[in-house]
2 protein chains.
Amino acid sequence: MSAEIICVGTELLLGDILNSNAQFIAQQLAQLGIPHYYQTVVGDNPQRLKQVIEIAASRVQILIFTGGLGPTPDDLTGETIADFFGVPLVESAEILEDITQKFAQRGRVMSPSNRKQALIPQGAKILPNPTGTAPGIIWQPRPGLTILTFPGVPSEMHRMWTDTAVPFLKSQGWGQEIIYSRSLKFWGIGESALAEKVSAYLNLPNPTVAPYAGKGEVRLRISAKATDEKAAKELIAPVKKQLKEIAGLDYYGADDDTLASVVGELLRSSGETLSVAESCTGGGLGQILTEIPGSSDYFWGGVISYDNTVKVRLLGVNPDDLDQFGAVSATVAEQMAIGVKNLLQTTWGLSITGIAGPSGGTATKPVGLVYIGMAGPGNEVTSYECKFGTMKNRSFIRLLSACTALDNLRRSVIVRTSV
Amino acid sequence: MSAEIICVGTELLLGDILNSNAQFIAQQLAQLGIPHYYQTVVGDNPQRLKQVIEIAASRVQILIFTGGLGPTPDDLTGETIADFFGVPLVESAEILEDITQKFAQRGRVMSPSNRKQALIPQGAKILPNPTGTAPGIIWQPRPGLTILTFPGVPSEMHRMWTDTAVPFLKSQGWGQEIIYSRSLKFWGIGESALAEKVSAYLNLPNPTVAPYAGKGEVRLRISAKATDEKAAKELIAPVKKQLKEIAGLDYYGADDDTLASVVGELLRSSGETLSVAESCTGGGLGQILTEIPGSSDYFWGGVISYDNTVKVRLLGVNPDDLDQFGAVSATVAEQMAIGVKNLLQTTWGLSITGIAGPSGGTATKPVGLVYIGMAGPGNEVTSYECKFGTMKNRSFIRLLSACTALDNLRRSVIVRTSV
C-alpha cells in the first residue's frame, strides 16, 4: 500500500512558487509510515492531468491532490478527476450553504463563480475546509483506490490534513506504523570519508542510516519504522550511540543543534565567556552566535576590524607584523584573538582573518585562505590555517570560516574540560 | 519541443528538504521560453527511476535531472540513466583529474568512493561543476532526446545551469523567444500600499507588472516577452522609469541591488566611510555590509556591544543613561552611534539596539522594539524607533533591524548629497 502526491498548478511550472505542499505531505506521510515513491507536478490542463492520474492510479492505492480547487476557470482538478473516472459532478447543498455563510460572515456577496466550488463527483464525501471556501473530497472511485483533494493554499491544506485526512487514513487501518527519524551532525569530515567510516551501518534494514551533505556539514539520518515513537526511539538509541563513538569529536550535535548552540551550551556549563574579532566575516561570527536566544549569558561582543587601522588601534595588532606577514596570517589572527579577549575581558577570544574573494587573492595567498585565532583561559594563543579553495563563492567562504572557528572552539572547550 | 524536470532523492520523498531546484529550473525554462508540463520527484531507486525515465522520454525532448550524482552508494542517477539506454559507463580521465585536484587544493585526500563520480555514460559530454566535485552530463542517448544532469546541491546546480546549460540550450536553437524580467525593489512601503499606488500598471499586457513581497521588502517584477533582450529592454524601460517616479525614495534599487550594495555605492561616490555599533543584531549589520565585495573601501568595521559593559567601555555610553533609559532606548542608540563613529574615525556611525526576543520583552518595551542611531558628518546625531511587532521571530526581527538601519542611512546620504 502506498500513496502518491499530485500537485496541480501552472504557477508551479512557471517557478512562481515553491512547492511547500509536497514537502508538508511528504513529511506527514513519512510520520504516518505510509510510503510514497513519486510526486508529480502538472499544470492546470485537463488532458495532461488525466495522463498523470492514469499513471498514478495504476501503481498506488492513495492519490493525494493539491491545487486547482478554486473558483476561477483554470481550477480544474475536481471536474477532471470526475471526468477521468466517468462520474458526473453534483452540487452539494452542504458546501453551497457553507460557502454562502462564509461570504456573509465577511460581509461579502458570493460571486457566481464560487458556486463552482460546491460541485463534487457523485458519491464523494466532503473533506471540509474550515479556513477557506474551497473544500476537498475523499472519494473511492473504484475498489482499492482512494482519492483526497486539497486546495493549494498551504495554511488551509495543513488544517484539512490534520483535522480530517489523518483521522480518515488511520480509520482505514493506514498509518499504524510510523517512521521516526533523528539526525546526527558532523563538522570537519567530508561526506565520503564519514560514509566510509560508518559503511557497515548504511545497509541496515531498520533503522536505516543515510548520509547527507550541505553547507559544509554532513548529517547522518537514522530512520526507524515502528508501531510508536517509543519503540522507534529504542531502535535508534543503540545505533546513534555507536555512530557517535565512531565519529568521535567530528560529531557535534543532533537534530536542532547548531555549532553555535553547542558552543553556547559548553560555555554556559563551564561558566566561561567569549568575544570575537572579525575581519573577512565582518560580523558574521557574532551574528551566528547571537542567533541563539540567551547568548548574552556567555557572548559579550567583539570588534569588527575590517580595516587594518581598527586591528591596530582597538585590538593591539603590531603594525610591523601587519607589514611583514600581512593581515591574512597566523600571527595577525593570534594577535586579534588575544587582543579582543583582553579588550572585552572574556575567557576566550576567537578571531578570523582571510580572503573571501572574489578578488584579493594572490599566488601565495589565494582566495579561500583563512586564519582562525584562538586565545584561551590561560592566555595561550593558537591559530589554524584553512584552505577553503578558490572555487567557493564569497558568501560560502565566509560561512565556512565562521563555522570552522566555532568548531575549533568547540573542540578546544571539550578537550580542556575533559582533562 | 518541451522539457521535463526529474528530481531524484529519497530526502525529497521524506520531506527533509524543499524542492527549490525544481522552482529554479522552472523559472529558468520560463525565461528561456522552453515549455515544460511535468515535474517528477522519485527516490534513489533504480527500478522506479527507470519507470519515470520511460514515461518522460516518451513525451518530451529534453530531460533535466537533479540529484543522485554524489559519491555515496545511494547516488544512482548516472548509472541508472546509462542502464536504461543500454550504454556502459566509462571513467572520464578529465573528471578524475579535476576531482583529484579539487581535493588536493583543500589539502584532503580523495576517498575511493569519489572515483565513482568520474563515471559517465559512453558518448556523453561533461557538464562541468566549477564549485563541487560531482559533474553532470549533456547527452543525446537517441535522436531527438537530450539529457542534462545536475547535482542536488542548489549552489552548484545554479552555477552549472548558468555557465554551461543555458549556452548549450541556446546553441541548439531552443529558447528563441524570451521572457525577460527586471525587478524593482522597495523598502519602507507595504505590498498593498505600493500596489494601490501603481494599480494602473498591474493590468498591462506586455510588459506585465506584478508585485511580490518577502523578507520585509516589496518588489515589482516587470516581464516582457520579445524576440531578444534588446527588444524586451525597450519595452521595459519606460514602465520602469514611471514606476520609479511614482515610488520616490521608497524605491531603492533594481535586480541584484541590495540595500547594502546601494548604500555602499552612495558612500563610495561621496568618499565617505562607515562604522557600526551592534547590540541585538550581534554583527548582522556588519555581515550584510561586508557581503559586498570591495566594501573595505567605505566600511571600516565596528563594535559588537552585546554586553552592556562593552557599550560603556568601548563606545562611551553613559552608565547613568543605561540605568535610567535602559539599553533599548533612543538615548543609548544615539550614544552608540556617535561612540563608534569617534572610536573608528569614520564619516558615519550607525547603531542598533533592540529586543529580538523571544524573551526579554516587557509591557513598555515589547519584543520587536528596536532603536537605530545615526551619527553623521557634522557629528549630528539622530535616532529612529521601530516597532516590528511581537509576532515576528528573532531571526526576522534581526534582519529587519539591520535592513532598516541601512535604509535610514541610504535616505540620509541621498538627502544630504542632493541638497
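Attention here is on the structure that accompanies the text. (Residues numbered from 1 in each chain as written. Chains lettered and ligands numbered in written order. Predicted model: local features only at pLDDT ≥ 70, side-chain atom pairs only at ≥ 80, totals over all residues. Heavy atoms only, no water.)

A word on the overall build of chain A
Here comes step 1: Broken down by element type, chain A carries 14 helices and 17 strands.
Here comes step 2: Since a compact globule built from 419 residues should have a radius of gyration of about 22 Å, the 29 Å found for chain A marks it as more spread out than a globular shape.
Here comes step 3: Seen through its C-alpha atoms, chain A measures out along the principal axes to roughly 85 × 50 × 40 Å.
Here comes step 4: When each of the 419 residues of chain A is scored for burial, the buried share is 56%.
Here comes step 5: For chain A, restricting intrachain contacts to residue pairs at least 6 apart in sequence, the fraction spanning at least 24 positions comes to 66%.
Here comes step 6: Charge-centre separation for chain A: the mean point of 36 positive side chains lies 2 Å from the mean point of 40 negative side chains. (Helix = DSSP H or I, 4+ residues; strand = E, 2+ residues; numbered from the N terminus. Rg over C-alpha atoms; globule rule 2.2 N^0.38 Å. Buried < 20%, exposed > 50% of the residue type's maximum accessible area, 1.4 Å probe, protein only. Contact = heavy atoms within 4.5 Å. Lys, Arg positive; Asp, Glu negative; His and termini not counted. Charge placed at Lys NZ, Arg CZ, Asp CG, Glu CD.)

As for the interface of chain A and chain B
Here comes step 1: Of the residues lining the interface, 77 residues belong to chain A; the matching set on chain B comes to 76 residues.
Here comes step 2: Summed over both partners, the interface of chain A with chain B comes to about 6200 Å²; 53% of that surface belongs to carbon and sulfur atoms.
Here comes step 3: Where chain A touches chain B, the interface holds 4 salt bridges.
Here comes step 4: Taken together, the connections running from chain A to chain B amount to 41 residue pairs in polar contact (both at pLDDT 80 or more). (Buried area = accessible area lost by both parts, 1.4 Å probe. Salt bridge = Lys/Arg side-chain N within 4 Å of Asp/Glu carboxyl O. Polar contact = N/O pair within 3.5 Å; in protein donor to acceptor, adjacent residues only side chain to side chain.)

Side note on the packing of aromatic side chains
Residues and elements named next belong to chain A.
Here comes step 1: This structure, assessed with the given rule, holds 10 aromatic pairs over all chains.
Here comes step 2: Between the aromatic rings of F84 and F85, the centroid separation amounts to 4.9 Å while the plane-to-plane angle is 85°, which identifies the pairing as edge-to-face.
Here comes step 3: What makes F84 partly exposed here is its relative accessible area of 26%.
Here comes step 4: On the basis of relative accessible area, F85 is assigned to the buried category, the value being 17%. (Phe/Tyr/Trp six-rings, centres within 6.5 Å; stacked < 30°, edge-to-face > 60°.)

Some details on empty space enclosed by the protein
All names here are of chain B.
Here comes step 1: On inspection of all chains with the given rule, the structure shows 5 cavities of 30 Å³ or more.
Here comes step 2: As a volume, the largest cavity reaches approximately 200 Å³.
Here comes step 3: What lines the largest cavity is a set of 17 residues, among which L69, G78, K116, Q117 and L119 lie closest to the centre.
Here comes step 4: The set of elements that each furnish at least two residues to the lining of the largest cavity consists of α4 (77-84) and β5 (119-121).
Here comes step 5: Element by element, the count of residues in the lining of the largest cavity is highest for β5, at 3 residues.
Here comes step 6: Of the residues in the lining of the largest cavity, the class split is 9 nonpolar, 5 polar and 3 charged. (1 Å grid on protein atoms, 1.4 Å probe; cavity = no way out; pocket = protein on both sides within 12 Å on 5 of 7 lines; lining within 4 Å. Points joined across faces, edges and corners; volume = space filled by probe spheres on them. Nonpolar A, V, L, I, M, F, W, Y, C, P; charged D, E, K, R; others polar.)

Observations regarding the nonpolar core
Here comes step 1: Counting residues in each nonpolar core, the largest one holds 83 residues, and the members touching the most others are L285 and L350 of chain A together with L285 and L350 of chain B.
Here comes step 2: With near-sequence residues (within four places) excluded, L350 of chain A lies in contact with L274, S275, V276, A277, L285, V340, I372, G373, M374, A405, L406 and L409 of chain A. (Core = buried A, V, L, I, M, F, W, Y, C linked by side-chain atoms within 4.5 Å.)

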